[in-house]
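# Coordinates in review
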Amino acid sequence: MKCKPEDIQSIRDKYASVSAIRSGEGVAENKIDLLVCAGTGCVSNHSLKVKASLTAEIQKHNLQDRIRIVTTGCNGFCANGPIVVVKPDDIFYQLLAPEDIPHLVEEHFLNGRPVEKLMYRPGEDEPPIPKMASIPFFGKQQLIALANRGIVDPESIEEYIALGGYQALAKALTEMSREQVIEEIKASGLRGRGGAGFPTGKKWEFCKNAKVVEEGGSDSDKYIICNADEGDPGAFMDRSIVESDPHALLEGMLIGAYAIGASHGFIYIRAEYPLALERLTQALEQAREYGLLGEQILGTEFSFDITVSKGAGAFVCGEETSLIGSLEGKLPEPRVRPPYPAQSGYMGKPTNINNVETWANVPHIINRGAEWFSSIGTDTSKGTKVFSLVGKVNNTGLVEVPMGITMREIVFDIGGGIPGGKKFKAVQTGGPSGGCIPESLLDTPVDYESLIQAGSIMGSGGMIVMDQDNCMVEVARYFISFTQEESCGKCSPCREGTWHMLNILEDITTGRGREGDIELLEKMGQHIKETALCGLGNTAPNPVLTTIRYFRDEYEAHIRDKRCPAKVCKALITYSIDPVNCTGCTACAKNCPVACISGERKQTHVIDQDRCIKCGMCYSVCNFDAVRIE
Amino acid sequence: MARISIDGKNLEFEQPLTILEAAKKLQIKIPTLCYNEHLVPYGGCRICLVEATTQTAPGRSRLVPACTAPAEDGMVVTTDSQRVQDSRRFIIELLLSRCPESQVIRDMAAEMGVDPDGQNLDVVGQYLLKRAPRREATNCILCGLCVRVCQQIPERYALSLKERGIHRKVTPPFEKVAESCIGCGSCAYVCPTKTITIEEA
């Protein structure tokens, strides 16, 4: 069916029970929806087996008319998956295994007794928290880009429409001029969520106003692109949005295309995201079927379609001009700006490029207005930001928080602090382009300017928490090894410079560092930042520069004392066995991969230092705290 | 007519024009390596960086490659500020570290006050020219001129860039003798370090 604007409302009415049950407002006839998380994290923890078991048990008890099983995208609380949420009551079940399901179904749905042992507990001895909204992980979050995460079936366009989807598109196409849409986005204060934070409305306006006349006198085509080439280590914001709510991205792009005057769009997505690709392809087909993509959308004069293009895994393609080169079939190399893509982008035509999260914010701004959006956040950074919270933190997962929230709130209130009672050391934002923020700056508000001041960047939303066991020199070495590996090699400072920085850092972590190396790294890093061609090179030294700025003592310990304070750098540590604690259980000797541990049963064991490869196996298998690292 | 000021000299010009072209008209010399006036500018080697201030952001100067940056009305450009000199020195030291035997690079370094044999160097220069690990000897600075000329002038595509980052190199496609090569010699002609030579068949 090809929808008209009024059809959007009638689909919404038809599926009114979906929004009633999911929102918990106005409950429909005792019906229940079981929302099974099928994000990549939960799927890899066998949530699809949990789903199969649920389906079988529901059938067995003949409950299928009352209870519906819905597969959703990422719920966000990845650390505790597989997750099932019972709606409309908002009961949150976690860490489920298929074996738990028969008992769960019987107790909860036949006997009316929700199962406490499958609920979330803040601590081992604390009472369970039954409702999802009361769990601290969700408490401080505010969802805009992820508004539908975990509550919509990403494979159903009807559910998306039922929950308010495509209303913003209908509003933009029938009630707003192209200029009004751009004004609304400008007034909202939305800035690019891909990293640099350029004002989105302004970017759209440049592209809309770009005048390129073709040979023959007609105006040139314009293009829009969605950058879904998410490449930062530990980051999965964009993947989750596409997996959990693909239509939100399409609706944002449709509104942008209308405002800019583009008739074709591209989504450039990593080929390593198979589930996202599958859901995206399906969403595109559904949107075409409903007349939301293609010719004369919603019966108006506006026509637009989208092509999906798969990236081949080059990090530099996240840089917009490289991405455009790759789309054109050329080498993925950045081009010097100006000219900007708004003037000369894909095939030399005016092109607007935004990332997934930016596009996903757009429908909400059109629906609820710029004033509402700009009331959230700080003076210069409006709205919310999605982060993937990973590393040494209890509640790993996907979080969306209002701008201006502090790092401390994210790591400790939402993230639940550091596992194992260890001490927080730093949080890395912005991936390989960002920096490490130390404990003294944990009260830094999350906004574009404050993070730059701290030496990091907002970036696309990776947030890696590190504790006392992380060596900051090694962290810097890791990130620079990533950027030098991913450097395209076009410009001299990034190609040669990051390689030299890596060599110096490898010297330091292997005990060959020299006096003056810190100053050398600082100077070289500044030069590279200043002279490199694109964002990759301009930001590559950041992890090194911030770790020097905040953890200089660790660098000095490596260089002067040939000591790794976190006991990570292999060349600078030795493993030995404490004769007092050793019980002679032989666990270490049995597990040593190079058989360099000797000792009789019930006698103290000894490590042959010459043959030890410092793999740490003995340390991790010892139950008596007898292996020492010095 | 637009107006640009380079090192205090004014030029009235018609757009489009790059800063490098404008400087040429004013007889101001800016060093280049990956530039050739007959090819699409590349902006890769970074030796032609200059400091430019535009009318839209008067208080903020940026380093831009003169070969690709469009000259804008009201732009003020400096080609020899301390910032420019420091940046160029860094670039030439990187290239010298890569190609210590290239006479072209050695001469250019000497012109910029960098002693290729390692006197009067700062901490970065000391590292790059004396301590940094050496790779396989080459005079190729990966400016890509040979690849680009082959694509853009005879349109033979007989050369391409392989791998990325530090491993990047120029080779014929699939590292086989390119059937499309017509032996025109353009690649050897444009090579700034004379790394490509023509052999008589």
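Residues numbered from 1 in each chain as written. Chains lettered and ligands numbered in written order. Predicted model: local features only at pLDDT ≥ 70, side-chain atom pairs only at ≥ 80, totals over all residues.

### Quick notes on the overall build of chain A
For chain A, the helix and strand inventory stands at 25 helices and 17 strands. Computed over its C-alpha atoms, the radius of gyration of chain A comes to 27 Å, within 12% of the 25 Å expected for a compact globule of 630 residues. Seen through its C-alpha atoms, chain A measures out along the principal axes to roughly 80 × 70 × 40 Å. Across the 630 residues of chain A, 54% fall into the buried class. In chain A, of all internal contacts separated by at least 6 residues, the share reaching a separation of at least 24 is 72%. (Helix = DSSP H or I, 4+ residues; strand = E, 2+ residues; numbered from the N terminus. Rg over C-alpha atoms; globule rule 2.2 N^0.38 Å. Buried ≥ 20, exposed ≤ 12 C-beta atoms within 10 Å, placed from the backbone. Contact = placed C-beta atoms within 7 Å.)

### Comments concerning the overall build of chain B
Looking only at helices and strands, chain B has six helices and seven strands in total. Principal-axis analysis of the C-alpha atoms gives chain B an extent of 55 × 40 × 25 Å. Every one of the 201 residues in chain B was classed for burial, and the buried ones make up 36%. Within chain B, counting contacts between residues at least 6 apart in sequence, those at least 24 apart form 54% of the total.

### Thoughts on the domain arrangement of chain A
Residues and elements named next belong to chain A. What the domain assignment reports for chain A is domain 1 (31-133), domain 2 (157-373), domain 3 (384-467), domain 4 (472-560) and domain 5 (574-629). Look at where the C-alpha atoms of domain 3 and domain 4 centre, and you get two points 22 Å apart. With eleven residues of domain 3 in contact, the opposing surface of domain 4 contributes 15 residues. Top element by residues in the side of domain 3 that touches domain 4 is strand E12 (residues 435-438). It accounts for three residues. In terms of residue class, the side of domain 3 that touches domain 4 is made up of six nonpolar, five polar and no charged. (Domains from an automatic or database assignment. Nonpolar A, V, L, I, M, F, W, Y, C, P; charged D, E, K, R; others polar.)

### A few points about the sheet that holds strand E6 (residues 264-270) of chain A
Residue and element names in this part refer to chain A. With parallel pairing, the four strands of this open sheet are ordered in space as E7-E6-E5-E8. Two strands bound the open sheet, and with one partner strand each, they are strand E7 (305-311) and strand E8 (351-355). Each neighbouring strand pair of the sheet contributes to a mean axis angle of 20°, computed without reference to strand direction. Where E6 and E7 come together, seven bridges link them in parallel fashion. Each bridged residue has a counterpart across the sheet, and for isoleucine 267 the counterpart in E7 is valine 308. (Pairing = 2+ DSSP bridges. Axes fitted to C-alpha atoms, helices over the stretch in contact; angles between N-to-C directions.)

### What to know about unusual backbone geometry
A cis geometry characterises the amide bond from glycine 81 of chain A onward to proline 82 of chain A, with omega recorded as -5°. Omega for the bond connecting proline 338 of chain A with proline 339 of chain A falls within 30 degrees of zero, at 0°, which places this linkage in the cis form. The phi dihedral of glutamine 27 of chain B falls on the positive side, at around 60°, and the residue is not glycine. As for its position among the elements, glutamine 27 of chain B is in the loop between helix H1 (19-25) and strand E3 (49-53). C-beta crowding within 10 Å serves as the criterion here: with 7 such atoms nearby, glutamine 27 of chain B is assigned to the exposed category.

### Topic: the interface of chain B and chain A
With 27 residues of chain B at the interface, the matching set in chain A holds 27 residues. Elements represented by at least two residues in the side of chain B that touches chain A include exactly strand E4 (62-65), helix H2 (82-98) and helix H4 (123-131) of chain B. Per-element accounting of the side of chain B that touches chain A gives the leading share, six residues, to H2 of chain B. The residue makeup of the side of chain B that touches chain A, split by class, is 18 nonpolar, five polar and four charged.

### Thoughts on helix H3 (residues 103-111) of chain B
Residue and element names in this part refer to chain B. Burial in H3 covers these residues: Ile105, Met108 and Ala109. Along the long axis of H3, the arc covered by the buried residues comes to 100°, so they all point the same way. Turned more than 90 degrees away from the buried face of H3, the exposed residues are Gln103, Asp107 and Glu111. Residues of H3 that are buried make contact with H2. Where H3 ends, the next residue or the one after it, glycine 113, has phi of about 85°, a positive value. (Arc of directions from axis to C-beta.)

### A short note on the domain arrangement of chain B
Residues and elements named next belong to chain B. Looking at chain B, the domain boundaries give domain 1 (2-80), domain 2 (83-131) and domain 3 (145-190). For domain 1 versus domain 2, the separation of C-alpha centres amounts to 24 Å. At the interface, ten residues of domain 1 touch eight residues of domain 2. Of the residues forming the side of domain 1 that touches domain 2, the biggest block, three residues, is contributed by E3. Within the side of domain 1 that touches domain 2, the residues separate by chemical class into five nonpolar, two polar and three charged.

### Some remarks on the confidence of the model for chain B
In low-pLDDT regions, the fine details of the predicted coordinates are not to be read closely. All names here are of chain B. Across chain B, the average pLDDT comes to 94, with 100% of residues at or above 70. When the elements of chain B are averaged for pLDDT, strand E6 (residues 160-162) gives the smallest value, 94, and H1 the largest, 98. Of the two predicted TM-score estimates for the complex, the pTM is 0.93 and the ipTM is 0.97. (pLDDT = per-residue confidence, 0-100.)

### Here's the deal with the environment of glutamine 468 of chain A
All names here are of chain A. Along the polypeptide, glutamine 468 turns up in the loop between strand E13 (462-467) and helix H19 (472-486). Judged by the 13 C-beta atoms lying within 10 Å of it, glutamine 468 is partly exposed. For the pair glutamine 468 and alanine 168, spaced 300 residues apart in the sequence, the C-alpha separation amounts to 47 Å. What glutamine 468 contacts, discounting residues up to four positions off in sequence, is Lys422, Lys423, Lys425 and Ala566.

### Digging into helix H15 (residues 356-368) of chain A
The element H15 of chain A is extensively covered by neighbouring structure, given that eleven of its 13 residues are classed as buried. Of the residues one or two after H15 of chain A, glycine 369 of chain A is the one with positive phi, at around 95°.

### Comments concerning the environment of glutamate 155 of chain A
Tracing the sequence through the fold places glutamate 155 of chain A in the loop between helix H6 (136-139) and helix H7 (157-162). Setting aside residues no more than four positions away along its own chain, glutamate 155 of chain A makes contact with Arg279 and Gln282 of chain A.

### Remarks on the pairing of strand E2 (residues 9-13) of chain B
Residue and element names in this part refer to chain B. Strand direction decides the pairing type here: strand E1 (residues 2-6) and E2, joined by five bridges, are antiparallel. From the neighbouring strand, alanine 2 faces E2, where its bridge partner is phenylalanine 13. Following E1, the chain reverses through two residues before pairing antiparallel with E2; aspartate 7 in that reversal takes a positive phi of roughly 50°.

### Some words on the packing of helix H12 (residues 246-260) of chain A against helix H13 (residues 274-289) of chain A
Residues and elements named next belong to chain A. Relative orientation of the contacting elements H12 and H13 amounts to 55°, with a least axis distance of 9 Å. Regarding the angle of H12 to H13, the classification is oblique. For H12 against H13, the interelement crossing comes out right-handed. Contacts between H12 and H13 pair Pro246, His247 and Leu250 from the former with Arg279, Leu280, Ala283, Leu284 and Ala287 from the latter. Among the residues forming the contact of H12 with H13, the class breakdown is six nonpolar, one polar and one charged. (Parallel < 35°, antiparallel > 145°, perpendicular 65-115°, else oblique. Left-handed = near helix turned anticlockwise from the far one by under 90°.)

### Observations concerning the sheet that holds strand E9 (residues 384-391) of chain A
Residues and elements named next belong to chain A. What the five strands build is an open sheet, ordered E10-E9-E13-E11-E12; its pairing is mixed. Each edge of the open sheet carries a strand with a single partner, namely strand E10 (397-402) and E12. For this sheet, the mean angle separating the axes of adjacent strands, direction not counted, is 30°. Pairing of E9 with E10 involves six bridges; the strand directions are antiparallel. By the bridge assignment, leucine 389 is partnered in E10 with glycine 397.

### Digging into the pairing of strand E1 (residues 32-37) of chain A
Residue and element names in this part refer to chain A. Of all the six residues making up E1, six are buried; the element is thus mostly covered by neighbouring parts of the structure. By the alternation rule, side chains of E1 split into Ile32, Leu34 and Val36 and Asp33, Leu35 and Cys37, which are all buried. Sheet analysis places E1 next to strand E2 (residues 67-72), joined by six bridges and oriented parallel. When the bridges of E2 are listed, valine 36 appears paired with threonine 71. Pairing analysis gives four bridges linking E1 to strand E3 (residues 84-87), with the strands arranged antiparallel. Pairing of valine 36 across the sheet is with valine 84, part of E3.

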